[in-house]
Amino acid sequence: MLFVAVSVHAQRTVLPLNDAWQFSKDNYTVNAANAAVKWQAVNLPHTWNIDDVMDDVPGYYRGAGWYKKTINISAALKNKNLFLYFEGANQQTEVYVNGQKAGSHTGGYTAFCVPVSPFIKTGSNKAEIVVKVDNSFNENIPPLSADFTFYGGIYRCVNLIATSDVHFSLSDNASKGVYISTPSVSEKKAMAAVKGKFINTTSQKKNLKISSVVLDRSHKQVATISSVIAVNAKQEGSFSQQLNDVGTPHLWSPEDPYLYSVITTITDAATGIVLDEVKNPLGLRWFKFDAGQGFFLNGKSYKLIGTSRHQDYEGMGNAVSKKVSVEDVRFIKNAGSNFFRVAHYPQDPAVMDACDSIGLLTSVEIPVVNEITESANFYRNCMDMQVEMIRQNYNHPSVIIWCYMNEIFLKPHYTNDKDKQKTYFAAIAALARSLDSITRKEDPYRYTMIANHADFNRYQENGLTTIAMITGWNLYSGWYSAKQEDFPAFLDRHHEKLPNQPFMITEYGADADNRIRSMEPLRFDKSVEYTTQFHQFYITEIMKRPFVAGAVVWNLADFNSETRTESMPHINNKGLLTWDRVPKDPYFLYQASFLKTPFVKIASSGWENRAGVADSAGNFCVQPLQVASNLQVLSLKVNDKEIGNVNVRNYLATWNVPFVNGANRVEVSGYSNGKLYKDVMNIHFQLQPYNLDDKKTVFKQLNVLLGAKRYFTDSSKQLWIPDQPYRAGSWGCVGGKPFIIDNNGRLPYGTDKNILDTDDDPIYQTQLVGIKEYCFDVPAGKYELVLHFAELQGGVVRTPPYNLSDTGREEDNVKRIFNVNVNNVPFLEHFNIAKQYGAAKAITKRTVVNVVNNSGITVSFKAVEGEPVLNAIQLIRID
Ligand code: GCB
C-alpha cells in the first residue's frame, strides 16, 4: 500500500471568530446611530441567561440580543469566498454584514452558514458583522415547551470559512457538502459510498476532478477513487462515488472505535491545482435492531446502555466550551456506557466527533417536545431541522438512530374539546409520518425513533408506536408514578402487544440532590440513597430482558430547567453527576455494573462529612456505608480495624459502620483473579453527644431539620440531621406532626415550593406543624439559638414541568398566629409568618440564651390562631 501525501495546502481556511465581540440587549437598529446602546465585551460561546435562570423571580429573559464585531479581511482572504459558520445560536438569528442582511436562521440547535463575500466592499480590509439573536417564544419553532431552559445567545462557536471560488457546497444545510455511507460492511469486506455537491462560482466552465482517498489510522491509503466532472460557470455540480473495496476492514465498535478518514478533494483538471478539500471520519460497522433479540453490532448481540446529556453547566448556562462537551462524552463512556442519546437536540460538533473517536453509539434528535403547533410554519421548521440535523451529522459513524419527537402527547391540547383534540392528535401523527419518511429518504442506512412517555394506549391508538422503526419509551415508574414494579410490567407489555417492534427505554431516572441523604429513603425525598436503589432495580430488570435493545439514563448531569422548583430550584436533579460534574453514588453503580475491569468505589464518596447522634454509651454512631463494585466479596476496615466481609449484591455492598467522632479512615478491598483492589476515603464525623452534658463528646453545635427524615449539607457546609422526639438529657421536639401535602401522591413529607431568599431550600421545605416545645438539656453556658421558619401553605403554587396541566393556582392561606417563648421569656409575639413575610419565604430568628444551673433550654410555642410551626432549629455553644 502506498503512503499518500495528502495536500498540506488545504484550500480552505477556517478561522475561529469567538473573541472580542460586543454584546447588548438594548434596542438596536441596523444602520442607525444607536448612540444609546450600551455594549459589553464578550467572547463566544455566550448566553445572556446565566444568572436570571437561577434567581427567585419566575421566568428569564426571552427576547433579542445583539452582537457585533469588525473583522479584518487580510490579503490572504481577499478574493476568497467567505462564509460565517455558526455552530449554534438560540433560536432565531439574523446576520448583517456592513449593514446589509446577509442571512438568517431559525432553530436553536443546528448549525447554519451565511455567505458574506457579496457584502464586503471591494478593496476594503474590514467588515462589520452584526448578529441579532432572539430566544422569544415562537409558536412556530420547536421546542414550544420542555423541561430545560431555552438559553439565548450565540452559545456555540463561530468560524469564518474562506474557500476558493470552486468548493464543496457549504449552502447545503451547513453540511460538509460531502456525504459518506457504508452500504455494505462485513468482517471481510467493506464498501464506502461518497456523494456530494460542489459549486463553481467562476464565470468559466471547469473540468473538475473529484477524488476520495480513504486513509487508515496511520494515514496509509487503503482505497481511492476519482471522477472528472464538467461544471458550467456559476453552477452547482454533484458527484457519487463508490469505493467497492476498502480492504479487510478494521471494524468500528465502542470497544475499538477505529476510525479511517476520507479526504475528498476538488482539483482543477486542467491545471492540477487543488481547489478544495474536506476530511471526514469513516467507521466501518454494521448493525441491526431485532424486536425479539435486541440490538446487534457487527453481528454480535449488544445491550445499548448509556445516558442522555443536556449541554449546560453550572455558571456557564449552555455556553460551554468544547472541552466541557468532550469531557461530558468521556463521563458517559467512563460510566461503562456504549450508547448516548443526544437529547433533546443536536449538540456541539465536538460532541459528535468525540463519540466517533471515544466509541459511543448515538441517537440524535430534533427538539420536538411535549406538543406541536398545527401550522404550516411549524411543520416546515420541524422538517428543516430534521434535514439539517441529518446532513450535518451524516458522516459520524457513531450515529445509528435519527429521532424526532419526545413525549409528544405529554401536553395534549384541547382537553375540553374531544373533536379538536382528535384532529390535533391526527396532526401529530401526520407530522411524525412526514418526519419519518423524510428521514428514511435522507438516510436509508440508519434507524428512526420516537421517544414516548408511559401512556401506552394513547401512543398506540394514534399510531405513534409503529411509525418509527424503533419505539422509545421514557419510563419513570417509582418516580413520577408510584411503583417501581410497574417498570418491568411495562417492558413485558410492550413485548406482548408489539412483538414485532424493536424498542428501547429512551429515558429513566430519579432525582438525587447530592446534598440530601437519608437512612430511610423514600420516593421523592430527593435523597441520593433512594435514587441509587432505584437505578439498581432498573438495571437488574433491563438486563433480564433480551428484547430490550437498550436503556438510557436520564440524565448524565443535573441541568437547568428554569420552571422547576423542588429541593434545588431551577435544577433537574436526575443527573448521575451534579451540575458541575461531581459524580453521585448512582454514577459509581453504573461503573460497577458496566465497566469490564475490576472496580471498587466507596459510593458515598460525596458524603465525606457526616453527622449523627452517638449511641447510649456515647462512643459512636452507626450509619450505612455503600460501596459500588463488580467484585464478589469485599472487606472493610475503619481506622485500621476490621469491620468484616460482605457479599456484593447487584453491584452494591453495604455495611453498618460505627463512626467515631472526628476522622474515620475507611478502606474497602477485594480480590479479582488474585489481585487486590481497594478504595480509601476519609470520612469526618460530627458525633452529637447522646446526652448534651456528655464529657466524652462535648456539645458544640446542633442543626436539626424538622418534619424530615433527611440529612442535609447546606451552602456553608453545615450538616443538618433529622429531628428526634425529646429525650431527657438530650434534645428534641415535643408535639407536632410533619407537614405533609394531603393526597399529593408524590412527596412523602414537606413541600417542593421554591423557598425565597435562600439557596438552602431543604432547611425550610419541611416542618413540624402543631409543635409544642423544643428542648435542649444543655449544661450551663451561653448559647446562640436560631429558629428557621417558612410558611409552607398559601401563595401561588405551580408544579411544572412534571405536572404540565398545572399552570398555577392560588393556594388557600392558612391562619397561623403564635407566640414563642425561650425559657419562659417572650421571644416572638403574635408571630404571623404569612402576614409579616408572605408564603414560602426563608425567615431566621436568632437569640442568645444564658443557661444557668440545669435549666437547659426550652422553646415553647403557643397558638393564638391555627397551629404553630417550626421548620429547623440550630443551637450553637458560644463559650
Ligand atoms: C421526561 C422528559 C425530559 C425531562 C424528564 C424529567 O420524560 O423527556 O425532558 O427532563 O422527563 O426529568 O422529568
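The rules behind these values
Residues numbered from 1 in each chain as written. Predicted model: local features only at pLDDT ≥ 70, side-chain atom pairs only at ≥ 80, totals over all residues. Heavy atoms only, no water. Helix = DSSP H or I, 4+ residues; strand = E, 2+ residues; numbered from the N terminus. Rg over C-alpha atoms; globule rule 2.2 N^0.38 Å. Buried < 20%, exposed > 50% of the residue type's maximum accessible area, 1.4 Å probe, protein only. Contact = heavy atoms within 4.5 Å. Areas by Shrake-Rupley, 256 points an atom, 1.4 Å probe, with all protein chains shown as cover. Lys, Arg positive; Asp, Glu negative; His and termini not counted. Charge placed at Lys NZ, Arg CZ, Asp CG, Glu CD. Disulfide = S-S within 2.5 Å. Expected span 1.5 Å × (residues − 1). Near = heavy atom within 4 Å. Polar contact = N/O pair within 3.5 Å; in protein donor to acceptor, adjacent residues only side chain to side chain. Nonpolar A, V, L, I, M, F, W, Y, C, P; charged D, E, K, R; others polar. Pairing = 2+ DSSP bridges. Axes fitted to C-alpha atoms, helices over the stretch in contact; angles between N-to-C directions. Phe/Tyr/Trp six-rings, centres within 6.5 Å; stacked < 30°, edge-to-face > 60°. Lys NZ or Arg CZ within 6 Å of the ring centre and 35° of its normal. Salt bridge = Lys/Arg side-chain N within 4 Å of Asp/Glu carboxyl O. Core = buried A, V, L, I, M, F, W, Y, C linked by side-chain atoms within 4.5 Å. pLDDT = per-residue confidence, 0-100.

Quick word on the overall build of the chain
Within the chain, the secondary structure is distributed over 10 helices and 56 strands. Computed over the C-alpha atoms, the radius of gyration of the chain is 31 Å, within 12% of the 29 Å expected from 2.2 N^0.38 for a compact globule of 879 residues. C-alpha extents for the chain along the principal axes are approximately 105 × 75 × 60 Å. By the burial criterion, 60% of the 879 residues in the chain qualify as buried. In the chain, 71% of the contacts between residues at least 6 apart in sequence involve partners at least 24 apart. Accessible surface, the chain: about 34200 Å² in total, of which carbon and sulfur atoms supply 49%. Separation of charge centres in the chain, based on 90 positive and 88 negative side chains, amounts to 4 Å.

Focus: the state of the cysteines
Following the criterion strictly, the structure yields zero disulfides and no others. Cysteine 113 supplies the cysteine sulfur nearest to cysteine 157, a cysteine that is in no disulfide, at a spacing of 15 Å.

Structural notes on helix α1 (residues 322–334)
Under the 1.5 Å per step criterion, the end-to-end length of α1 is 18 Å for 13 residues, consistent within 8% with the ideal 18 Å. Along α1, the residues that are buried comprise Val324, Ser325, Asp328, Val329, Ile332 and Lys333. One or two residues past the end of α1 sits glycine 336, with phi positive at roughly 95°.

Notes on the site of the ligand
The immediate surroundings of the ligand are formed by 13 residues, with Asp147, His344, Glu407, Tyr480 and Lys574 found nearest. Between an oxygen atom of the ligand and a side-chain N or O atom of glutamate 407, the distance comes to 2.3 Å. Contacts to the ligand include lysine 574, whose side-chain N or O atom sits 2.6 Å from an oxygen atom. Residue composition of the shell around the ligand, grouped by class: four nonpolar, four polar and five charged.

Points about the sheet that holds strand β19 (residues 287–290)
Judged by pairing direction, the sheet is antiparallel, and its three strands sit side by side in the order β19-β20-β21 without closing on themselves. The sheet terminates laterally at β19 and β21 (300–302), the two strands that pair on one side only. Each strand axis lies, on average, 30° off the axis of its neighbour in the sheet, ignoring direction. Summarising the sheet, β19 and strand β20 (residues 294–297) pair through four bridges and their orientation is antiparallel. What sits directly across from aspartate 290, in β20, is glycine 294.

Regarding the packing of aromatic side chains
Here a ring pair, both rings aromatic, is described through the centre-centre distance and the interplanar angle of the planes. Here the structure, examined in full by the defined rule, presents 52 aromatic pairs. Between tyrosine 258 and tyrosine 260, the ring centres sit 5.1 Å apart and the planes meet at 70°, which makes this aromatic pair edge-to-face. Grouping aromatic residues by their ring pairs yields a cluster made of Tyr476, Trp479, Tyr480, Phe487, Tyr508, Phe524, Tyr530, Phe534, Phe537 and Tyr538. Here lysine 25 stacks its cationic end above the ring of tyrosine 61, 4.6 Å away from the centre of that ring.

Looking at unusual backbone geometry
A cis amide bond links proline 142 to the next residue, proline 143, at an omega of 0°. Relative to the helices and strands, proline 143 is located in the loop between β9 (126–134) and β10 (158–163). Across the junction of alanine 343 and histidine 344, the peptide omega takes the value 0°, indicating a cis bond. As for its position among the elements, histidine 344 is in the loop between β23 (339–342) and α2 (349–359). Phi is positive for alanine 174, close to 55°, though the residue is something other than glycine. Following the sequence through the fold, alanine 174 ends up in the loop between β11 (166–168) and β12 (178–185).

What to know about the side chain of aspartate 134
You can see aspartate 134 is positioned in strand β9. Comment: no salt bridge for buried aspartate 134; closest opposite-charge side chain is lysine 132, at 4.7 Å. Among the polar contacts made by the side chain of aspartate 134, one reaches the side chain of serine 136 at a distance of 2.5 Å. The residues touching aspartate 134, leaving out its near neighbours within four places in the chain, are Gly63, Ala64, Asn90, Gln91 and Gln92.

Re the sheet that holds strand β27 (residues 470–474)
The sheet built from eight strands closes into a barrel, its strands ordered β22-β23-β24-β25-β26-β27-β28-β30 with parallel pairing. Averaged over all neighbouring strand pairs, the angle between strand axes comes to 25°, with direction disregarded. Most of the contacts of α2 go to strand β24 (residues 361–365), to which it runs at about 160°, and overall it touches β23, β24 and β25 (399–406). Sitting on the sheet, helix α7 (residues 528–544) touches β22 (304–308), β28 (503–508) and β30 (548–553), and the angle it makes with β28 is about 175°.

Some words on the pattern of salt bridges
Under the criterion given, the structure shown has 35 salt bridges. Two residues, arginine 581 and aspartate 328, come together in a salt bridge whose shortest N-O distance is 2.6 Å. Here aspartate 328 lies in helix α1 and arginine 581 lies in the loop between β32 (571–572) and α8 (585–594), a separation of 253 residues in the sequence. Among the ionic pairs, glutamate 811 bridges to lysine 753, the shortest N-O distance being 2.8 Å. Placement of the pair is glutamate 811 in strand β50 (residues 809–811) and lysine 753 in the loop between β45 (737–738) and α9 (761–764), with a sequence separation of 58 residues. Connected through shared salt-bridge partners, Asp147, Asp511, Lys526, Arg564, Glu566 and Lys574 make up one network.

Some details on the pairing of strand β51 (residues 817–822)
The side chains of a regular strand alternate between both faces of the sheet. Taken together, the six bridges between β51 and strand β54 (residues 857–865) define a ladder with antiparallel strand orientation. Residue pairing in the sheet places valine 820 in a bridge with phenylalanine 861 of β54. The antiparallel pairing of β51 with strand β52 (residues 825–831) creates a hairpin that spans two residues between the two strands, and asparagine 823 there sits at a positive phi of about 45°.

Topic: the pairing of strand β5 (residues 81–86)
For β5, the tally of buried residues reaches six of six residues, placing the bulk of the element in the interior. In β5, alternate side chains face the same way, and those of Asn81, Phe83 and Tyr85 on one face and Leu82, Leu84 and Phe86 on the other are all buried. Bridging between β5 and β10 involves six bridges; their strand directions are antiparallel. Following the sheet pairing, asparagine 81 is matched in β10 by threonine 163.

Quick notes on the nonpolar core
Met405, Leu464 and Tyr508 are the most contacted members of the largest nonpolar core, which has 98 residues in total. Ranked by residue count, the leading element in this core is helix α4 (residues 418–442), at eight residues. Once residues within four sequence positions are removed from consideration, tyrosine 508 is found in contact with Leu475, Tyr476, Phe534, His535, Tyr538, Ile539, Ile542, Ala551, Val552, Val553, Trp554 and Tyr590. If you look at the next biggest cluster of nonpolar residues, it comprises 52 residues, including Leu705, Ala708, Val778 and Val851.

Some points on α8
Of all 10 residues in α8, 10 are buried, a share of seventy percent or more. Within α8 the residues assigned to the buried category are Asp585, Pro586, Tyr587, Phe588, Leu589, Tyr590, Gln591, Ala592, Ser593 and Phe594.

Structural notes on the confidence of the model for the chain
For the chain, per-residue confidence averages 95 on the pLDDT scale, and residues scoring 70 or more make up 98% of the total. A low-confidence stretch, residues 1–10 (pLDDT under 50), is modelled with 14 contacts involving residues beyond four sequence positions or located in other chains.

Here we look at the environment of serine 527
Tracing the chain through its elements places serine 527 in the loop between β29 (516–518) and α7. Between the C-alpha atoms of serine 527 and isoleucine 516, which are 11 residues apart in sequence, the distance is 4.8 Å. Non-local contacts of serine 527, meaning those with residues more than four positions away in its chain, are made with Asp511, Ala512, Ile516, Arg517, Ser518 and Pro521. A polar atom in the side chain of serine 527 sits 3.1 Å from the backbone nitrogen of tyrosine 530.

Comments concerning the side chain of asparagine 573
Here asparagine 573 shows up in the loop between β32 and α8. Within the structure, asparagine 573 has its side chain in polar contact with the side chain of aspartate 558 (distance 2.9 Å).

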